[in-house]
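Observations on the three-dimensional arrangement
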Amino acid sequence: MVTVDELLSMADGLKEASRYKEALHAYRKAVKLSSGSPKDLAYALKSVADTERMLGNFKNAIKYYGMAMYSAEDSGDTAGKMDASVGLGLSERAIGLWKDALKRILAAKEFYVENGDTQGKAFSLWAEAGVLRVKGDVDACIDRFRQSLELFQSLDDSSGVGYCLTGLGGAHRVAGLFDDSMQFYTKANELFGTLKDRFGLAYSYCGIGNAFRMKGDYKAGKTYLKKALSLYETIGDVVSSAYTLWSMAMSYTMEGRLALAWRYFERAGRRFKSTYDVRGMVYAGVGKVQVCCLDSKFGDYRGILRQALRRSDKYELAIEHCHCLYIDGIIRGVEADCYGKLGIACPGSGLPLNIP
């Protein structure tokens, strides 16, 4: 009979290989076998949560992170509790609860700093950067990614370095610095290729595709986006593939291939809805609004835009709310200088707007 340690080791290997569904099955088995050991149980529960999060099952992830935190506390493992808390914050961020996520992640970072845990500090800085991007504070986001990158480099943690590079690539794209974005994603892609990290490769392919899209090379962009989509489908990732589908839709919109764009926005929107990703739902909405405005046969844009505005306002998604306001302003002939207030580049002056 397989032991808990053997099962966890096997599951860790599957997760490292981006075989998330198989890893999840093994971790769930480990949870059942770990009932007599609070420490093993906490690790198994957190691992289930981590894997659910990677698959885009954020509600399940939140449930298991909570259980992992309770189990870690029960075993006196404060560091383990904080690790699970950061994961919980990442899941909360994904469903739009970025304020709760930021409080949780900052508390964990303080713990790591006080206890001299450089790995924990690096990871919490990376997590904080992602939340700040959702908040709309791009300058602070870039600063935290750079701090995290330096720490991961000092730890010789290649995976951590790779994910900081992708984070910097995304943040620089939002800031309008597309050449910098391309450089960060290309470096990350080379690193993930060496590590044979399929998820990292997919993520960086998507980033390179987006950089090409923002530079106006839609053909090259779609080539990389299709590479990303193929890997995501193999992995079983729902939420990252949704953003890739959305990027494909934006490329088709910019090319004037509106029927294809609509189809891809619809596919992306369904995946965002299934994962409760409100930020993604806003992006799908503003994409469809543009298609409707460019060709009225796709429907009336007004209801879609109202819903996107409400969602972005309710969850205080500053950048996404700005996209909504700016597109609404273009339609009504009213200037909305929200990009200037956020300190990021305006993505255009008319429809279609190439949203970064």
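Described in the following lines is the structure provided in the data block.

The rules behind the values
- Residues numbered from 1 in each chain as written.
- Predicted model: local features only at pLDDT ≥ 70, side-chain atom pairs only at ≥ 80, totals over all residues.
- Heavy atoms only, no water.
- Helix = DSSP H or I, 4+ residues; strand = E, 2+ residues; numbered from the N terminus.
- Polar contact = N/O pair within 3.5 Å; in protein donor to acceptor, adjacent residues only side chain to side chain.
- Contact = heavy atoms within 4.5 Å.
- Buried < 20%, exposed > 50% of the residue type's maximum accessible area, 1.4 Å probe, protein only.
- Phe/Tyr/Trp six-rings, centres within 6.5 Å; stacked < 30°, edge-to-face > 60°.
- Lys NZ or Arg CZ within 6 Å of the ring centre and 35° of its normal.

This paragraph deals with the side chain of Asn 354. When you line up the elements, Asn 354 lands in the segment after α18 (338–342). Here Arg 213 takes part through its side chain, which lies 2.7 Å from a polar atom of the side chain of Asn 354. Setting aside residues no more than four positions away along its own chain, Asn 354 makes contact with Arg 213, Met 214, Tyr 218, Met 250, Met 254 and Pro 347.

For the bond running from Leu 351 to Pro 352, omega is 0°, close enough to zero to count as cis. Secondary-structure assignment places Pro 352 in the segment after α18. Positive phi is not limited to glycine here, since Asp 156 has a value of about 55°. Structurally, the position occupied by Asp 156 is in the loop between α8 (138–154) and α9 (158–174). Given a relative accessible area of 68%, Asp 156 falls into the exposed group. With a phi angle near 50°, Glu 316 is a residue other than glycine that sits in the positive phi range. Note on placement: Glu 316 falls in the loop between α16 (301–314) and α17 (318–332).

A few words on the packing of aromatic side chains. Across all of its chains, the model carries 14 aromatic pairs by this definition. Ring centres 6.1 Å apart and planes at 40° place the aromatic pair Tyr 205 and Tyr 224 in the tilted group. Of the two residues, Tyr 205 sits in helix α11 (residues 198–214) while Tyr 224 sits in helix α12 (residues 218–235), which places them 19 residues apart along the sequence. Taking the relative accessible area as the measure of exposure, Tyr 205 reaches 17% and is therefore buried. A network of ring pairs unites the aromatic residues Tyr 20, Tyr 163, Phe 192, Phe 199, Tyr 203 and Tyr 232 as a single cluster. For Lys 227, the ring lying beneath its charged end belongs to Tyr 224, and the centroid distance is 4.9 Å. A cation sits over an aromatic face here: Arg 267 above Tyr 264, 5.3 Å from the ring centre.

Any functional reading would require information that these geometric values do not contain.
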